[in-house]
Amino acid sequence: MSRGLHGTGLLVAAVVAAVVAAGPLSGQQEARPELRGEVTRGGEILPGAEIVLHRVSATQAGEIDTVQADGAGRFLFSLPSVPREDQEGDVYFASIRHDGILYFGPAVSRAVQLDSLYAIRAYDTIVAPPEGASLPVGVRYLIAEDAPEGWQITDLFEIAHEGDHTFVAAPGGITWSHPLPAAARDPEVGGGDVSRDAAVVEDGMLRLSGPISPGARTFMLRYRADSLDGLDVPLTPGTRGAEVLVREPAPDLEIEGLPAVETVEMQPGMTFRRYAAEPPQGDRFVVAAGDPPARIPMEWLAVGLGLLLAVAGLY
């Protein structure tokens, strides 16, 4: 009897060893990565929303799957690949449409992001006044570079919308506006969180007609100026920070309301002078040609050096 048990034990051990050596059964598959998320509307759960999954890679981009959020606003996607942001990898994000407005969640480009709950925030809409909503500017950046025909200026606004509704334009109206410098010419709108067809420049005013949802929203435009000297830049009351960067070489400048701070090197060999304030003083800042640094004439420098050597010799 003991010999039979011993023989059975050897047989079981041999079968287990064979299975281990053979690896997983052919019917088994590796677990696919999953994106688990939640959708809310104004901070409250949004049950039943239709969620669309998007994939972007070096060769393709588009919608690849759709699910419906459950009663708790939760949803789950099985991803066809592990997110990677390298040249051959895939980047994923999800979106919903609420009240006619499309809302996106953050891009998922690393596998570690799948460990956290993916959040999509939607909001109810409210119609902005015909002249646009009154929204403060969080930060205003101007980057000036010398060009063959004057100065090329990149003007970036960060709108600080701290409400709980998305502003939409009334028929024939706008959602937000801001005056531009009177010297600005050849403006090119577009860039940031607002599409190019939702912004125009009319009568020296930047006018947005696209929806503006809560949070920090950026918009960028470019224009030219014949000279930096006398450039008068209007500011929205309540602007929290303003910064001007001027690529060197550049003339000596002074900006009323924006003191000079340390120079910054964007790329090797590419430096920018910086003028910044948090918050800026007043409702505008004006750029003016400054006095060049005082220089000691060479003859006075020679006299001073001779006196110094004489004193050193006597000592």
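To keep things clear, this report deals only with the structure shown in the data block. (Residues numbered from 1 in each chain as written. Predicted model: local features only at pLDDT ≥ 70, side-chain atom pairs only at ≥ 80, totals over all residues. Heavy atoms only, no water.)

## Topic: the sheet that holds strand β22 (residues 270-277)
Heads up, the rule is: Should DSSP find at least two bridges between two strands, the strands are regarded as paired. Secondary structure elements are defined from DSSP: runs of H or I of at least 4 residues count as helices, runs of E of at least 2 residues count as strands, and each element is numbered from the N terminus. To obtain an axis, a line is fitted to C-alpha atoms, over the contacting stretch when the element is a helix, and the angle between two such axes runs from 0 to 180 degrees between their N-to-C directions.
With mixed pairing, 7 strands are arranged side by side in an open sheet as β14-β17-β11-β10-β19-β22-β21. Looking at the sheet topology across the chains shown, the edges are occupied by β14 (185-192) and β21 (260-267). Along the sheet, successive strands turn relative to each other by an average axial angle of 20°, direction set aside. The pairing of strand β19 (residues 241-247) with β22 spans 6 bridges and is classified as antiparallel. If you follow Arg 247 over to β22, its bridge partner there is Phe 272.

## Thoughts on the pattern of salt bridges
Stated precisely, the cut-off is as follows: In the sections that follow, a salt bridge refers to a side-chain nitrogen of Lys or Arg positioned within 4 Å of a carboxyl oxygen of Asp or Glu. Exposure is judged per residue with a 1.4 Å probe applied to protein chains only, and the accessible area is read against the type maximum: over 50% gives exposed, under 20% gives buried, and values in between give partly exposed.
Tallied over the entire structure, the rule returns 15 salt bridges. With a closest N to O distance of 2.8 Å, Arg 84 and Asp 86 form a salt bridge. Looking at Arg 84, the relative accessible area reads 37%, which means it is partly exposed. With relative accessibility at 41%, the residue Asp 86 sits in the partly exposed group. Of the charged contacts, one joins Glu 202 and Arg 207 as a salt bridge, the two residues approaching to 3.6 Å between their closest N and O atoms. Take Arg 207: its relative accessible area is 24%, and that puts it in the partly exposed class.

## A few points about the environment of Leu 258
Under the convention used in this document: A contact between two residues is defined here by any heavy atoms of the two lying within 4.5 Å.
Topologically, Leu 258 is positioned in the loop between β20 (253-256) and β21. When the C-alpha atoms of Leu 258 and Glu 243 are compared, they prove to be 7.5 Å apart, with 15 residues separating the residues in sequence. Those residues in contact with Leu 258 that lie beyond four places of it in its chain are Ala 242, Val 244, Tyr 275, Ala 276, Ala 277, Pro 280 and Phe 285.

## Considering the sheet that holds strand β16 (residues 205-208)
Pairing is antiparallel in the open sheet, where 3 strands are placed in the order β13-β16-β15. Each edge of the open sheet carries a strand with a single partner, namely β13 (176-179) and β15 (199-202). Within the sheet, the average angular offset between the axes of one strand and its neighbour, ignoring direction, is 20°. Pairing of β15 with β16 involves 4 bridges; the strand directions are antiparallel. When the bridges of β16 are listed, Val 201 appears paired with Leu 206.

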